[in-house]
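Single-letter residue listing:
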Amino acid sequence: MYYLANMRQEFSVSLSATSSATADGQDTNSATATALRDNDILLANEDTLFTLSGNARFTNGLATQQLRTGVTGKAQVFFTNQSAETVIVQAILINRPGAIDTVTSQFHPPGTPGMIPWVMGRRSQQTARYTGNPTLLTALNRMDRTLLNAHWQYEGESISVSGAYFIDTKPEKILRVTAGGATARIRPLNVIINDNHFGAVAACLNNGSVVAWGNAEATVPGAIAGLRDIVTLCATLNAFAGLRQNGGVIGWGIAGRGGEVPADIGNLRDIISLCACDFAFAAIRQNGGVVAWGSPSEGGSVPYNISQLRDIVSLRATANAFSALRQDGSVVAWGTVSGGGIVPPEAEVLRDIISVSASNLTFTLLRRNGSVLSWGGGQQLPPEIGALTDIISVVSANYAFAALRRGGGVVAWGTAQYGGSVPMAIATLRDIIALCGNGGAFAALRQNGSVVAWGHEYFGGPLPGVIGSLRDIVSLSSTETAFAALRADGSVAAWGSSFAGGNPPLNITYLRNIRAIYGGRRSFAALQDDSRVSVWGGGEAAQQANVPAVLAGNISYTLPV
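Report follows, based on the coordinates. (Residues numbered from 1 in each chain as written. Predicted model: local features only at pLDDT ≥ 70, side-chain atom pairs only at ≥ 80, totals over all residues. Heavy atoms only, no water.)

### Regarding the overall build of the chain
Next, step 1: The helix and strand tally for the chain stands at eight helices and 44 strands.
Next, step 2: Its C-alpha atoms give the chain a radius of gyration of 24 Å, within 12% of the compact-globule value 24 Å for 561 residues.
Next, step 3: C-alpha atoms of the chain, sized along the principal axes, occupy 70 × 65 × 55 Å.
Next, step 4: For the chain, the proportion of contacts with a sequence separation of at least 24, taken over those separated by at least 6, is 49%.
Next, step 5: Within the structure as shown, the chain displays about 21300 Å² of accessible surface, and the carbon and sulfur contribution to it stands at 52%.
Next, step 6: Charge centroids of the chain, computed over 38 positive and 37 negative side chains, lie 3 Å from each other. (Helix = DSSP H or I, 4+ residues; strand = E, 2+ residues; numbered from the N terminus. Rg over C-alpha atoms; globule rule 2.2 N^0.38 Å. Contact = heavy atoms within 4.5 Å. Areas by Shrake-Rupley, 256 points an atom, 1.4 Å probe, with all protein chains shown as cover. Lys, Arg positive; Asp, Glu negative; His and termini not counted. Charge placed at Lys NZ, Arg CZ, Asp CG, Glu CD.)

Here's what the structure looks like:
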């Protein structure tokens, strides 16, 4: 027999804060405390004490303020500062011993234009299948979170594009986003979740070190843990790799699946980009060459003729093969034949390829004339799709592809129940701006900030009505069987399998400062504006208690300008 009176109740407070204010004594940042019982039940009427460090002051003129949580379990405070500094904000539930949380809040120097871009969305990751689909970044006005026309440019490159949206294809590079005379610098990809069933997460801290948590592959060797020059990360199913500032590469995890970098590759100092399939890594060198390691039969050994090339510009991966796009618009491939490791003659002769996408076993190339061509052991391209000449981008699920057409329409092919057939209500839309795939479904972001989805029910194909009514979605992410939508206010809405992040807990849904959401097979990780990471979903990677404490305050979405 169980007695409710004897059940232990855990009380906690979750604190989040903004970091957008100017240090002029008038502009305000805010902090929101959410009182919880057993990490799930909201607590109203909880006396909450807020404190500030440094020169910051609440609107009552003091460095402390006491409020009571409302019916939503939340209490919000506003504070100003005349000093450009990082402020420590603390919240304590006065009547709940041990219920305490701390975050940081940044005040920017006076004179910073109010239109400084507020960029949201995760950096892309160069990994296999749908996890390697390029992702959408969105620029907003930081004051009112409306769309902001901005200039996007990778540092070190001369080409820039303009608009509120940007598709990230070079996640290893710093991205400059400029509007109204102000610039935001977005860090390279600094959080990645491998696609293993149990899951592991690796994160690159602001000081260039790396930490990881989750299953066995997460253990970072001491020699790597001591490094302070890691720029970005990549992952196979069972290993991680890190690109260093000096052009070197390091790895850890299962040796035969990419976790052990061969000496000849480990000695290189000219690597500029990483890519991964399930059991191997490939890397582009400064001279346009490519090297690989991991399982030799599944992409980890580069054929001699390809190893001699010096004009490779990008890589994509199916489960067990790589494709490499060359400067002349042609493509080469290696790995298993069933995974697309041999380019067919009709694709081999082309010299106008602009991008390549990958599903589980199939590559699809996009040509300059807006047509597509597929090869490999999976989805065959229907003639009616092959005849189109207005396709502008292609994304994958595990067993299907979806293509965005000029004019905002969408088509799909592959296994019908896993996203290869677009419902008529969606096929007639003409305002789609971006696509996102997972293991067996697709989601599409529309110009009005709403989202539609199709595919297998278990994978999140049917869209819940409450999410279909939203009009402020700015970016989409996925696990294998769920989707997460990042909203303009920094909150998240998710759907799909509850075992893979489709039903986030209350401590996640009440966040209002998320900048990016990263997905693995079963878990999501949210990088917040207060330099913290929150996780949910299934597996060891999704347990918040496993997130290293050192992350808090030491991993940020942006770099100093």
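### Concerning the sheet that holds strand E22 (residues 249-253)
Next, step 1: The strand order across the open sheet built from three strands is E20-E21-E22, with neighbouring strands paired in antiparallel fashion. Each edge of the open sheet carries a strand with a single partner, namely strand E20 (230-235) and E22. The mean inter-strand angle of the sheet, taken between neighbouring strand axes irrespective of direction, is 20 degrees.
Next, step 2: Here E20 runs beside strand E21 (residues 239-244); their pairing, made up of five bridges, is antiparallel. Counted as the bridge partner of Leu233 is Gly242 from E21. (Pairing = 2+ DSSP bridges. Axes fitted to C-alpha atoms, helices over the stretch in contact; angles between N-to-C directions.)

### As for the pattern of salt bridges
Next, step 1: The final tally for this structure, using the stated rule, is 21 salt bridges.
Next, step 2: Residues Arg532 and Asp101 are paired through a salt bridge, measuring 3.0 Å at the closest nitrogen-oxygen approach. Residue Arg532 is found in the loop between strand E42 (523-528) and strand E43 (533-537), and its partner Asp101 is found in strand E9 (residues 100-106); the two are separated by 431 residues along the sequence. Accessibility classification places Arg532 together with Asp101 in one group, the buried group. (Salt bridge = Lys/Arg side-chain N within 4 Å of Asp/Glu carboxyl O. Buried < 20%, exposed > 50% of the residue type's maximum accessible area, 1.4 Å probe, protein only.)

### Brief notes about the packing of aromatic side chains
Next, step 1: For the structure shown, the criterion picks out 15 aromatic pairs.
Next, step 2: Ring centres 5.6 Å apart and planes at 90 degrees place the aromatic pair Tyr458 and Phe459 in the edge-to-face group.
Next, step 3: Taken together through their ring pairs, the aromatic side chains of Tyr399, Tyr418, Tyr458 and Phe459 make up a single cluster.
Next, step 4: We note Arg96 situated over the ring of Phe11; from NZ or CZ to the ring centre the distance is 4.0 Å.
Next, step 5: Between the NZ or CZ atom of Arg515 and the centre of the ring of Trp118, over which it lies, the distance is 3.9 Å. (Phe/Tyr/Trp six-rings, centres within 6.5 Å; stacked < 30°, edge-to-face > 60°. Lys NZ or Arg CZ within 6 Å of the ring centre and 35° of its normal.)

### Some words on the side chain of Thr135
Next, step 1: Positionally, Thr135 belongs in strand E11 (residues 135-141).
Next, step 2: When sequence neighbours within four positions are dropped, the list of residues in contact with Thr135 reads Arg122, Arg123, Ser124, Phe166, Ile167 and Asp168.

### So, the pairing of strand E15 (residues 175-179)
Next, step 1: Here E15 shows a buried face lined by Leu175, Val177 and Ala179 and an unburied face lined by Arg176 and Thr178.
Next, step 2: Pairing analysis gives four bridges linking strand E12 (residues 150-154) to E15, with the strands arranged antiparallel. Opposite His151, over in E15, you have Thr178 as the bridge partner.
Next, step 3: Inspection of the sheet shows E15 paired to strand E16 (residues 182-186) by five bridges, in the antiparallel sense. Paired with Leu175 across the bridge in E16 is Ile186.
Next, step 4: In this structure, the hairpin formed by E15 and E16 is closed by a connection of two residues, where Gly180 is found at a positive phi of approximately 60 degrees.

### Brief notes about the side chain of Gln528
Next, step 1: Checked against the element boundaries, Gln528 lands in strand E42.
Next, step 2: Dropping the residues within four chain positions of it, Gln528 is found in contact with Leu511, Asn513, Ile514, Arg515, Val533 and Ser534.

### Concerning the sheet that holds strand E25 (residues 290-294)
Next, step 1: Strand order in the open sheet formed by three strands is E23-E24-E25, and the pairing between neighbours is antiparallel. Across the chains shown, the open sheet's two edge strands, defined by having one partner strand only, are strand E23 (271-276) and E25. Geometrically, the sheet is characterised by an average inter-axis angle of 20 degrees between neighbouring strands, direction not taken into account.
Next, step 2: Pairing of E23 with strand E24 (residues 280-285), which is carried by five bridges, proceeds in the antiparallel orientation.

### Looking at the pairing of E43
Next, step 1: Among the five residues that make up E43, four are buried, leaving the element largely enclosed by the rest of the structure.
Next, step 2: Where E42 meets E43, five bridges bridge the pair, whose relative direction is antiparallel. Residue pairing for E43: Ser523 is matched across the bridge by Gly537.

### Considering the nonpolar core
Side chains of a nonpolar character, in soluble globular proteins, are inclined to be buried together.
Next, step 1: Ranked by internal contacts, the top residues of the largest apolar core, which has 48 residues, are Trp152, Trp252 and Leu551.
Next, step 2: No other element matches strand E18 (residues 200-204), which puts five residues into this core.
Next, step 3: Ranked by size, the runner-up nonpolar core spans 23 residues in total, among them Leu52, Ala75, Val89 and Ala99. (Core = buried A, V, L, I, M, F, W, Y, C linked by side-chain atoms within 4.5 Å.)

### Things to note about the environment of Arg515
Next, step 1: Within the secondary structure, Arg515 is located in strand E41 (residues 514-519).
Next, step 2: By relative accessible area, Arg515 is classed as buried at 3%.
Next, step 3: Considered as a pair, Arg515 and Asp530 are 15 residues apart in the sequence and their alpha carbons are 9.5 Å apart.
Next, step 4: Here Asp529 takes part through its side chain, which lies 2.9 Å from a polar atom of the side chain of Arg515. (Polar contact = N/O pair within 3.5 Å; in protein donor to acceptor, adjacent residues only side chain to side chain.)

### Concerning the environment of Thr509
Next, step 1: Structurally, Thr509 is set in helix H8 (residues 506-509).
Next, step 2: Residue classification places Thr509 among the partly exposed residues on the basis of a relative accessible area of 23%.
Next, step 3: Between the C-alpha atoms of Thr509 and Gln379, which are 130 residues apart in sequence, the distance is 37 Å.
Next, step 4: A distance of 3.2 Å separates a polar atom in the side chain of Thr509 from the backbone oxygen of Leu506.

### A closer look at the state of the cysteines
Any covalent bond linking the sulfur atoms of two cysteines counts as a disulfide.
Next, step 1: For the coordinates displayed, the defined rule picks out zero disulfides.
Next, step 2: Not engaged in a disulfide, the cysteine Cys234 finds its nearest cysteine sulfur in Cys275; these two sulfurs lie 6.1 Å apart.
Next, step 3: With a relative accessible area of 1%, Cys234 lands in the buried category.
Next, step 4: For the unlinked cysteine Cys436, the closest cysteine sulfur is that of Cys275, found at 18 Å.
Next, step 5: For Cys436, a relative accessible area of 10% gives the class buried. (Disulfide = S-S within 2.5 Å.)

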